[in-house]
Amino acid sequence: MSYLDATVDLYTKAAETPEVGLCCTTSPIWQFPGLTIPKRMQEMNYGCGTTVSASDLVGNPKVLYVGVGGAMELLQFAYFSRQAGSIIGVDAVDRMLQAAKENLIEAASVNEWFDPSFIELKKGDALSLPVADECIDVAAQNCLFNIFKAEDLKKAVSEMYRVLR
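Residues numbered from 1 in each chain as written. Predicted model: local features only at pLDDT ≥ 70, side-chain atom pairs only at ≥ 80, totals over all residues. Heavy atoms only, no water.

Caption draft 1: Main features of the overall build of the protein chain. Looking only at helices and strands, the protein chain features five helices and four strands. From first element to last, N terminus to C terminus, the protein chain shows the α and β order α-α-β-α-β-α-β-β-α. Considering only residue pairs separated by 6 or more positions, the protein chain has 75% of its internal contacts joining residues 24 or more positions apart. A total of about 8,000 Å² of accessible surface is found on the protein chain, and carbon and sulfur atoms cover 52% of it. (Helix = DSSP H or I, 4+ residues; strand = E, 2+ residues; numbered from the N terminus. Contact = heavy atoms within 4.5 Å. Areas by Shrake-Rupley, 256 points an atom, 1.4 Å probe, with all protein chains shown as cover.)

Caption draft 2: Broad picture of the nonpolar core. In terms of nonpolar packing, the biggest core is built from 31 residues, with Met 41, Leu 75, Phe 77, Trp 113, Phe 114 and Ile 119 touching the most fellow members. The element contributing the most residues to this core is helix α4 (residues 94-110), with six residues. One finds Leu 127, Ile 136, Phe 148 and Ala 156 within the second-largest nonpolar core, a separate group that totals 15 residues. (Core = buried A, V, L, I, M, F, W, Y, C linked by side-chain atoms within 4.5 Å. Buried < 20%, exposed > 50% of the residue type's maximum accessible area, 1.4 Å probe, protein only.)

Caption draft 3: Inspection of the pattern of salt bridges at higher detail. Under the counting rule described, the total for this entry stands at eight salt bridges. Here Lys 39 ties to Glu 43 by a salt bridge, and the two come within 2.7 Å at their closest N and O atoms. Of the two residues, Lys 39 and Glu 43 are both situated in helix α2 (residues 39-43); the distance of four residues between them amounts to about one turn of the helix. Assessed through its relative accessible area of 22%, Glu 43 is described here as partly exposed. In this structure, Lys 123 engages Asp 94 in a salt bridge whose closest nitrogen and oxygen atoms are separated by 2.8 Å. (Salt bridge = Lys/Arg side-chain N within 4 Å of Asp/Glu carboxyl O.)

Caption draft 4: Highlighting the pairing of strand β3 (residues 119-123). When strand β2 (residues 87-91) meets β3, the two strands line up parallel, connected through five bridges. Bridge pairing in β3 places Val 90 opposite Lys 122. After leaving β2, the chain enters α4 and then returns to the sheet as β3, a path that is right-handed. (Pairing = 2+ DSSP bridges. Right-handed = clockwise from strand over helix to strand, strands pointing away.)

Caption draft 5: Quick peek at the environment of Gln 98. For Gln 98, the location among the structural elements is in helix α4. Relative accessible area serves as the criterion here: at 36%, Gln 98 is assigned to the partly exposed category.

Caption draft 6: Region of the structure containing the sheet that holds strand β1 (residues 63-66). A sheet is described by the order of its strands in space; here four strands give the open sequence β3-β2-β1-β4, paired in parallel fashion. The open sheet has two edge strands with one neighbour each: β3 and β4 (138-141). Neighbour-to-neighbour, the strand axes of the sheet open up by a mean angle of 20°, direction not taken into account. Those strands touched by α4 are β2 and β3, and its axis lies near 165° from that of β3. (Axes fitted to C-alpha atoms, helices over the stretch in contact; angles between N-to-C directions.)

Caption draft 7: Unusual backbone geometry, seen in detail. Residue Asn 60 is not a glycine yet carries a positive backbone phi of 50°. Here Asn 60 shows up in the loop between α2 and β1. A positive phi angle, close to 80°, is found at Ala 71, a residue other than glycine. Of note, Ala 71 is situated in the loop between β1 and α3 (72-78). Exposure remark for Ala 71: the relative accessible area of 0% places this residue in the buried category.

Shown next as structure tokens:
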């Protein structure tokens, strides 16, 4: 089994049963008026910290996030880009995409400003992003790139550059 297959297996299980602290750390939860992060989203915060600052999100940017986890970052980014399809979340794990979708529906019930249509979830991976060339303003990942071997890392970074405007 390749290291990428092992990762898919690990995160399939993590989507089914949230595992707090699964990754190296948890991202701080952004505190903004009217932004409520559901508990399950917080429990599924599988990353090493948000790689985007709120100051990067001015002017309704189109944002790509690779490795959606519980969708916490997607919700936080949507706070700044409240338009249909303005946030794209890509993940290779079917069960994680389903869990993120469920979490976003819950987020809509506790955030009156939020509409799940702001976020488009796509099946795919960082090595071949299912996103058109030069259509993204801000691209980020949840420390997924830390697991890549050198050749795969080079390909993933190249893909991120391809999709950026």
